[in-house]
Every structure is written in structure tokens, then in C-alpha cells.
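What follows is each chain in one-letter form.
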Amino acid sequence: MNCSVCPRECNVDRTENIGFCGVGENFRIARAAPHFWEEPPISGDKGSGAVFFSGCNLRCVYCQNGEISRECFGKDITETQLKRIFDNLIDQGVHNLNLVTPSHYVPMLAKVLSEYHSPVSVVYNTSSYEKADTLKMLEGLVDIYLPDIKYFDSAPALKYSCAPDYFEVASRAVLEMFRQVGQLETDENGIAKKGIIIRHMVLPGNVSQAEKIFAWVRDNLGTDTCISVMRQYTPFGKAKEIKPIDRPLSAREYSIVKSKIKELGFGNVFFQQKSSSSEIFIPAFDLEGVDL
Ligand code: SF4
């Protein structure tokens, strides 16, 4: 059947061709290992069981994981192997299974998750460029949504991600995620069990996006929503030649965003340290945990 899983609606037969996301009919994975650099309720002290899916339906010019999102490095695996990868992560004691950039695999993933019955929480970690109708397939299978809302305005969405309809699409997707899981709930140790954490990575020269995005979150989901305001942007690849994203975020820009967030009245906010902007936080895409 031709693929219209995501808003790109490529209409290609993925058994024979590839669409915008760059991958065919099989799961392709680049790494599956405990990960310690997500927000504290996700990483905890035992790590989050991050499964990095290859390919991407957004392919931002500045992506720090370009090796897997744009170049599609990874290994094709079967459904049975994916379940084995989940088992291996759980055996290592992780707090959750963290599915990173899985949007272009949703129907296949829904089937695996419905058969797997994970004993730990399932985290869906996404750019939010998703069809709300496709996300409905994950109802009852995903416990925690970790959507990154990237842009409010069409101009940066077009310039950096070739998706001028980004916010229209992403806002509908986030409302569907919220409908499924509601506000963040944690256990007695502060580890996330259910709910949503909304992220936004502030881009240099684009601080107005953060204010507009979080004003929308306040108006539509409320100030109880857990949000994560990321300052980890580091220029990579083609982004090193594109102004104004050819430089890291300045301390002044992040400080402006922090003030705006406080004015908006959110009570549950994660801010990042300046030291988070470094290439050392990029995982090694070396098939760790994939060849099982
Ligand atoms: S999932 Fe991939 S092939 Fe399918 S519509 Fe989206 S980008 Fe195109």
C-alpha cells in the first residue's frame, strides 16, 4: 500500500521505493542503549532505553543526528529483533523505552507495541510533524509523549525543515497526544509514568518562536504543562553556512526566553545549562544494542 503515514503524503510503495523519510518497509535502527541526557523524569538515574530510528520525515538542516536522519545510517531489522532489542534494554534496568524519531514507522510500531506489552513506560520522542489520525493508532500503547514543537511561524519552518505547514500540523498532533495521556504524572522518585513533556529547542536569531509556541501551550494545555526549554543548539553540517543559525545560541537570547517563560506562568519547567551545547552529547551511532 502506498505510504501516507505522515503529512508529507509521498504516496510511494515503500516495498519498492523510498519517500521523503528515506527508509523502506523495514524498521531501521542505528543505536539502542541507555541514554542519560533527556529530562530528569525520563533519564532518572538508570537511563532511558533510547532506540534511535533511522530516517526522518522532517530532516531539519541543523539536525545533530544527521548521520541517521538524513543519511539514514542504520541496520534493517525485523519485528522480532525489535522486541529483542526492547528486552535487552529492559534487562539493563532502564526506566523506559524511548522511541526516538519513530514517526515514519507508526503503523508497524503500533503492531509491535500491541504484541509486546512493555513492562516499563513507552516514550514517544518526536519532532511533532505527525498526522493526528496516525497518532490515534498509538492510543493505549504510548505512556509518555515527548514532542518537540520546533516552529510557530511558516518562514523558519520552510527555511530549516521544508515544512511551511509545520505548526498547523504539529499543534493538531500535540493536542491528540495530550488527549491520549494528559499532564505529566511521576512516581515517588520523580520518574515519569504517564503524560506529556513539551520541548522547544531555541534557535539563534529565532527567540520569538519560543514565546509564541509556549503562549499557545499555555492557552491550549494550561500552565500545569511540563515544558522543557532547550539551549543545546550547536551548528552542524549545512547549518554552519546558514545565518543566523551558523552560531550557538547566545546567553542573552536564552535569558530573554527564560524571562518570557516565567511571565507566561508555567510552574513545571526544565531549563538547560550552557554546557549542554556541545558535540559530546551526540550519541555514537555505531549499532550498539542493535546486532542482537
Ligand atoms: S512516512 Fe515517509 S514515505 Fe510515508 S508519507 Fe511520510 S515521509 Fe513519505
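Here we summarise the structure given alongside this text.

Reading guide: rules and limits
Position numbers for residues start from 1 in each chain and track the written sequence from start to end. In keeping with the model being predicted, local features are shown solely for residues with a pLDDT of at least 70 and side-chain atom pairs are shown and tallied solely at 80 or more, while totals for entire chains, interfaces and linings include all residues. Side-chain figures throughout are based on the complete set of non-hydrogen atoms in the structure, without hydrogens or water. When we say a residue is near a molecule or strand, we mean one of its heavy atoms is within 4 Å of it. Classes in brief: Ala, Val, Leu, Ile, Met, Phe, Trp, Tyr, Cys and Pro nonpolar; Asp, Glu, Lys and Arg charged; the others, Gly included, polar. Remark: nonpolar core denotes a set of buried residues (Ala, Val, Leu, Ile, Met, Phe, Trp, Tyr, Cys) joined through side-chain atoms within 4.5 Å. To sort residues, take the accessible area from a 1.4 Å probe on protein chains only and compare it with the maximum for the residue type: under 20% means buried, over 50% means exposed, and anything in between is partly exposed. Should any heavy atoms of two residues lie within 4.5 Å, those residues are counted as being in contact. Counting from the N terminus, the helices are the DSSP runs of H or I reaching at least four residues and the strands are the DSSP runs of E reaching at least two. Put simply, a salt bridge is a Lys or Arg side-chain nitrogen that is within 4 Å of an Asp or Glu carboxyl oxygen. To obtain an axis, a line is fitted to C-alpha atoms, over the contacting stretch when the element is a helix, and the angle between two such axes runs from 0 to 180 degrees between their N-to-C directions. Oblique is the label for every angle not falling under 35 degrees (roughly parallel), over 145 degrees (roughly antiparallel), or within 65 to 115 degrees (roughly perpendicular). Handedness of each helix crossing follows the sense of rotation of the near helix against the far helix: counterclockwise by less than a right angle gives left-handed, clockwise gives right-handed. Expected helix span is computed as 1.5 Å times (number of residues minus one). In summary, the pairing rule links any two rings of Phe, Tyr or Trp, Trp by its six-membered ring, whose centres are within 6.5 Å, and it sorts them by plane angle into stacked for under 30 degrees, edge-to-face for over 60 and tilted for everything else.

Overview of the site of the ligand
Working step 1: Surrounding the ligand, one finds C3, V5, C6, R8, E9, C10, R14, G19, F20, C21 and H104.
Working step 2: Looking at side-chain class alone, the shell around the ligand contains six nonpolar, two polar and three charged residues.

Quick word on the nonpolar core
One broad rule of soluble globular proteins: the nonpolar side chains tend to lie buried together.
Working step 1: In this structure, V51, Y62, Y166 and V217 are the most contacted members of the largest nonpolar core, which totals 77 residues.
Working step 2: Apart from the residues lying within four places of it in its own chain, the contact partners of V51 are I29, R31, A32, L82, I85, F86, L89, N98, L99 and V100.
Working step 3: Listed in part, the eight residues of the second largest apolar core include V123, I144, L146 and L184.

Overview of unusual backbone geometry
Working step 1: Between K243 and P244 the backbone carries a cis peptide bond, its omega angle lying at 0°.
Working step 2: Assignment of secondary structure puts P244 in the loop between β9 (226–230) and α9 (251–264).
Working step 3: If you check the backbone angles, R59 has positive phi at about 50° while not being a glycine.
Working step 4: Turning to its location among the elements, R59 is positioned in the loop between β2 (48–53) and α2 (66–69).
Working step 5: On the accessibility criterion, R59 (24% relative accessible area) is partly exposed.
Working step 6: In this model, C162 sits at a positive phi of 55°, which is unusual for a non-glycine residue.

Quick notes on the pattern of salt bridges
Working step 1: Within this structure, the stated rule accounts for 21 salt bridges.
Working step 2: Between E139 and R179 there is a salt bridge, with the nearest N and O atoms lying 2.8 Å from each other. Of the two residues, E139 is situated in the loop between α5 (132–135) and β6 (144–147) and R179 in helix α7 (residues 166–181); the sequence distance between them amounts to 40 residues.
Working step 3: Residue R179 is classed as partly exposed on the basis of its relative accessible area, which comes to 46%.
Working step 4: Between K243 and D246 there is a salt bridge, and its shortest N-O distance comes to 2.9 Å.
Working step 5: Since its relative accessible area comes to 63%, K243 is described here as exposed.

What to know about the environment of I85
Working step 1: You can see I85 is positioned in helix α3 (residues 79–91).
Working step 2: On the basis of relative accessible area, I85 is assigned to the buried category, the value being 1%.
Working step 3: C-alpha of I85 to C-alpha of V51: the two residues are 34 residues apart in sequence and 8.4 Å apart in space.

Topic: the packing of α7 against helix α8 (residues 207–221)
Pairs of packed helices are described in terms of their axes, by the angle between the two and the distance that separates them.
Working step 1: Between α7 and α8, the least distance of the axes is 12 Å, while the angle of their chain directions is 40°. With respect to their mutual orientation, α7 and α8 come out oblique. In the packing of α7 onto α8, the handedness of the crossing is right-handed. Here F167, S171, V174, L175 and F178 of α7 come into contact with α8, specifically with W216, N220 and L221.
Working step 2: Here the contact of α7 with α8 is composed, by residue class, of six nonpolar, two polar and no charged.

Quick word on α8
Working step 1: Across its 15 residues, α8 extends 21 Å between first and last C-alpha, which sits within 8% of the 21 Å expected from 1.5 Å per residue.
Working step 2: Along α8, the residues that are buried comprise Q209, A210, I213, F214, A215, W216, V217 and L221.
Working step 3: The secondary structure elements touched by the buried residues of α8 are α6 (154–161), α7, β8 (192–201), β9 and α9.
Working step 4: Trailing α8 by a residue or two, G222 shows a phi angle of about 95°, which is positive.

Looking at the packing of aromatic side chains
Working step 1: In this structure the tally under the stated criterion is 15 aromatic pairs.
Working step 2: Ring plane angle 35° and centroid distance 5.6 Å describe the contact between F27 and Y105, whose orientation is recorded as tilted. With F27 in strand β1 (residues 27–35) and Y105 in the loop between β4 (96–100) and α4 (106–116), this pair connects stretches of sequence that are 78 residues apart.
Working step 3: On the numbers, 6.1 Å between centres and 75° between planes, the contact of F214 with F266 is edge-to-face.

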